[in-house]
Amino acid sequence: MANLDDYRAKIDEIDKELIKLFEERMNTAYLIGKYKEEHNLPVLNSNREKIVIENAAKNLNDKNLSSYTADFFENMMRISKQYQSDNSKKSAKIAFFGTEGSFTYEAALEYAKKLPGFSTIAYDTAEGVFRALLNDDADVAVIPFENSTTGAVTDVYDLLLRYDFFITDEIVLKVSQHLMAKKGVKVEDIKTVYSHPQAISQCKKYLDDKNITAIPSINTAISAKEVSESDKNDIAAIASESAAKIYNLDIIAGNINTELNNYTKFIVLSKREKFGEDNDKISAVISIDHKSGMLYNVIKVFKDNNINLTKIESRPDHKNPFEYLFFVDFDGNISDKKITETINELKSKVKSFKYLGNYKGVNM
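All of the points below concern the structure found in this document.

So, how was this worked out
Residues numbered from 1 in each chain as written. Predicted model: local features only at pLDDT ≥ 70, side-chain atom pairs only at ≥ 80, totals over all residues. Heavy atoms only, no water. Helix = DSSP H or I, 4+ residues; strand = E, 2+ residues; numbered from the N terminus. Buried < 20%, exposed > 50% of the residue type's maximum accessible area, 1.4 Å probe, protein only. Contact = heavy atoms within 4.5 Å. Areas by Shrake-Rupley, 256 points an atom, 1.4 Å probe, with all protein chains shown as cover. Lys, Arg positive; Asp, Glu negative; His and termini not counted. Charge placed at Lys NZ, Arg CZ, Asp CG, Glu CD. Salt bridge = Lys/Arg side-chain N within 4 Å of Asp/Glu carboxyl O. Core = buried A, V, L, I, M, F, W, Y, C linked by side-chain atoms within 4.5 Å. Pairing = 2+ DSSP bridges. Axes fitted to C-alpha atoms, helices over the stretch in contact; angles between N-to-C directions. Phe/Tyr/Trp six-rings, centres within 6.5 Å; stacked < 30°, edge-to-face > 60°.

**With respect to the overall build of the protein chain**
Here is step 1 of the chain: Helix and strand content of the protein chain: 12 helices and 15 strands.
Here is step 2 of the chain: Taking the principal axes of its C-alpha atoms as reference, the protein chain extends roughly 85 × 60 × 40 Å.
Here is step 3 of the chain: Across the 364 residues that make up the protein chain, the buried fraction comes to 43%.
Here is step 4 of the chain: The contacts in the protein chain between residues at least 6 apart in sequence include a share of 76% that link residues at least 24 apart.
Here is step 5 of the chain: Of the roughly 20,300 Å² of accessible surface on the protein chain, a fraction of 51% belongs to carbon and sulfur atoms.
Here is step 6 of the chain: Between the centroid of the 49 positive side chains of the protein chain and the centroid of its 55 negative side chains there is a distance of 3 Å.

See the structure below:
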């Protein structure tokens, strides 16, 4: 009968074989990384990873080890991606609207968890972010899209019409707006507050109750920066907790947004469409003839095909005064035959149909 030393010796023999295979795998991962770099391909390939894990589980004799096998391969692939990134001449570049300390910056960092090697690039305008992506100064872009309290970020909707990018992911963050000022300043001292228009709108009740004048700024973090650099003691900014830390401001009133369940949705944009079995949300823009019943016909297509239309938002059609475009979200995967047939039917009933992307939606 074997004793503990015998078992340990067996483990040592297995480990010797494992380390040889590990080194061989990492060398191959290095070659794959170089190939991706030369062909301008992303490090992350979610579909490939899923297939690797599924195939590994199929090769098990003891199916009780399936969950452990998944953990083992997920960690091994995480190490492989890190090795590819560490040996790459460039890291993934994420463009975002705002500056460090902004909510969009926090969303960019959240998305960056999927990218072992990355760098962030801040832009002062939404247009600047789109142009960075267009000119290959960034691999992906993260931009605010919609708030649960104040609705759509309208200029982003307009930019989506002008540029041919794909939505590849979405990030949802709970947003807490804080009133912040220089050290020693109290709420009763504040006469003027600076922030992004959306943040001001989210905190309107508080500002009205305190009789504080709000002045729109380009974004929340820049507002905090300007307050920190000012010699005035009667001004404040509305921004995030991280902005207060970065710009050495005191939070003199926390969570001043009217709705405490305040969420902002951010979208990730890329020049390349992202395919995946897990993608369950499709975004598009539809224009219709300015005639009675046309919008009904569009909605009826979704109903007749039993497809869940989750959002419909109108925006002015700048090319046709007093006519409207409709941004729609609906459930489905673009590889599903039923979805492609539905889209083709929609195209036959509308003036134009612009596909914006198929991605994994965030369930709230």
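What follows continues from the structure just given.
**What about the pattern of salt bridges?**
Here is step 1 of the chain: Under the definition given, this model contains 20 salt bridges.
Here is step 2 of the chain: For E170, the salt bridge identified is with K281, shortest N-O distance 2.9 Å. Of this pair, E170 sits in strand β5 (residues 166-174) while K281 sits in strand β12 (residues 281-287), placing them 111 residues apart in sequence. A single burial state applies to E170 and to K281, both of which are buried.
Here is step 3 of the chain: Put simply, K205 and D209 hold a salt bridge, and the shortest N to O gap is 3.1 Å.

**Considering the nonpolar core**
Here is step 1 of the chain: With 27 residues, the main nonpolar core has F130, I143, V156, L160, I267 and L269 as its most contacted residues.
Here is step 2 of the chain: Breaking this core down by element, the ones donating at least two residues are β1 (92-97), α5 (126-134), β3 (140-147), α6 (154-162), β11 (263-270), β14 (324-331) and β15 (352-359).
Here is step 3 of the chain: Per-element tally for this core: the top contributor is α5, with 5 residues.
Here is step 4 of the chain: Those residues within four positions of L160 in sequence are excluded, and the remaining contacts are F130, F145, I267, L269, F327, K354 and L356.
Here is step 5 of the chain: By size, the runner-up hydrophobic cluster in this structure holds 18 residues, among which are A284, I288, V298 and I334.

**A look at the sheet that holds strand β13 (residues 309-316)**
Here is step 1 of the chain: Reading across from one edge, β13-β14-β12-β15 is the order of the 4 strands in this open sheet, with antiparallel pairing throughout. Each having just a single partner strand, β13 and β15 make up the two edges of the open sheet. Each strand of the sheet is rotated relative to its neighbour by a mean of 15°, with strand direction disregarded.
Here is step 2 of the chain: Relative to β14, β13 is paired through 7 bridges, and the arrangement is antiparallel. Bridged to R315 within β14 is L325.
Here is step 3 of the chain: Sitting on the sheet, helix α11 (residues 294-304) is in contact with β12, β13 and β14, with an inclination near 160° to β13.

**Details of the packing of aromatic side chains**
Here is step 1 of the chain: Under the criterion given, the structure shown has 9 aromatic pairs.
Here is step 2 of the chain: Aromatic side chains F145 and Y157 sit 4.7 Å apart centroid to centroid with 5° between the ring planes, which places their arrangement in the stacked category. Of the two residues, F145 sits in strand β3 while Y157 sits in helix α6, which places them 12 residues apart along the sequence.
Here is step 3 of the chain: We classify F145 as buried; its relative accessible area is 5%.
Here is step 4 of the chain: Among the aromatic residues, those joined into a ring-pair cluster are F130, Y163 and F165.

**Structural notes on the sheet that holds strand β9 (residues 235-239)**
Here is step 1 of the chain: Spatially, 5 strands are ordered β8-β7-β9-β6-β10 in an open sheet, and the strand pairing comes out mixed. Strands with a single pairing partner mark the edges of an open sheet, and in this sheet they are β8 (213-216) and β10 (250-253). Each strand axis lies, on average, 40° off the axis of its neighbour in the sheet, ignoring direction.
Here is step 2 of the chain: As judged from the 4 bridges shared by strand β7 (residues 192-195) and β8, these two strands associate in the parallel manner.

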